[in-house]
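Here is what each chain is made of, one letter per residue.
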Amino acid sequence: MSGHGFAHLPLGEAELEMNLDAGRVRDAEKHIQNHNAPRVQVEAALVGTLRKNGVEMTPDFVRAFMQLTGTFKPKFPPLSKDKEKKN
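Residues numbered from 1 in each chain as written. Predicted model: local features only at pLDDT ≥ 70, side-chain atom pairs only at ≥ 80, totals over all residues. Heavy atoms only, no water.

**Some points on the overall build of the chain**
Looking only at helices and strands, one finds 4 helices and 0 strands in the chain. Residues counted as buried form 17% of the 87 residues belonging to the chain. The long-range share in the chain, meaning contacts at least 24 apart out of those at least 6 apart in sequence, stands at 29%. (Helix = DSSP H or I, 4+ residues; strand = E, 2+ residues; numbered from the N terminus. Buried < 20%, exposed > 50% of the residue type's maximum accessible area, 1.4 Å probe, protein only. Contact = heavy atoms within 4.5 Å.)

Here's what the structure looks like:
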């Protein structure tokens, strides 16, 4: 894991980051073949990481979780890179 720069992270967080990286690679490969394919969701990596570590979730819970997070809208929009540099 240290080769990926995750050595300083707790194990579960490092595993999530590695699953996110793998998801991004699969997502890029999928979109090379089909530009209309749905994008990989962060939530899928989180569910996979939790399951891998023994957290049991029913299909109904996973479906509800994906629906809930799919409608998430931040209270405040993220700062642009220009605004971050000024602060």
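**Quick notes on the packing of helix H2 (residues 42-52) against helix H3 (residues 59-70)**
Across the interface, H2 lies against H3 with an axial gap of 10 Å and an inter-helix angle of 150°. For H2 against H3, the interelement crossing comes out right-handed. The residues of H3 that touch H2, namely those facing Glu-43, Ala-44, Leu-46, Val-47 and Arg-51, are Val-62, Phe-65, Met-66 and Thr-69. Each residue belonging to the contact of H2 with H3 can be placed in one class, and the counts come to 6 nonpolar, 1 polar and 2 charged. (Axes fitted to C-alpha atoms, helices over the stretch in contact; angles between N-to-C directions. Left-handed = near helix turned anticlockwise from the far one by under 90°. Nonpolar A, V, L, I, M, F, W, Y, C, P; charged D, E, K, R; others polar.)

**Details of the pattern of salt bridges**
Under the criterion given, the structure shown has 3 salt bridges. Ionic pairing is found between Asp-27 and Arg-39, a salt bridge with its closest N-O pair at 2.5 Å. Here Asp-27, found in helix H1 (residues 11-33), pairs with Arg-39, found in the loop between H1 and H2; they are 12 residues apart in sequence, far enough to count as distant. Classification of Arg-39 by relative accessible area gives exposed; the value is 54%. The salt bridge partner of Arg-63 is Asp-60, with a shortest N-O separation of 2.6 Å. Separated by 3 residues within a single helix, Arg-63 and Asp-60 lie in helix H3, roughly one turn from each other. In this structure Arg-63 comes out as partly exposed when scored by relative accessible area, which is 46%. Residue Asp-60 is classed as exposed on the basis of its relative accessible area, which comes to 54%. (Salt bridge = Lys/Arg side-chain N within 4 Å of Asp/Glu carboxyl O.)

**Some details on the packing of aromatic side chains**
Throughout the structure, instances matching the rule amount to 1 aromatic pair. On the numbers, 6.2 Å between centres and 10° between planes, the contact of Phe-61 with Phe-65 is stacked. Separated by 4 residues within a single helix, Phe-61 and Phe-65 lie in helix H3, roughly one turn from each other. (Phe/Tyr/Trp six-rings, centres within 6.5 Å; stacked < 30°, edge-to-face > 60°.)

**Re H1**
Spanning 23 residues, H1 covers 34 Å between terminal C-alpha atoms, matching the ideal 33 Å at 1.5 Å per step. For H1, the full list of buried residues reads Ala-14, Glu-15, Leu-20, Gly-23, Asp-27 and His-31. (Expected span 1.5 Å × (residues − 1).)

**Focus: the packing of H1 against H2**
Running from N to C, H1 and H2 cross one another at 135°; their axes reach a closest spacing of 9 Å. Here H2 runs oblique to H1, going by the angle between their axes. The crossing of H1 and H2 is right-handed. Only Val-42, Ala-45, Leu-46, Gly-48, Thr-49 and Lys-52 of H2 make contact with H1, whose side of the interface consists of Gly-12, Glu-15, Leu-16, Asn-19 and Leu-20. (Parallel < 35°, antiparallel > 145°, perpendicular 65-115°, else oblique.)

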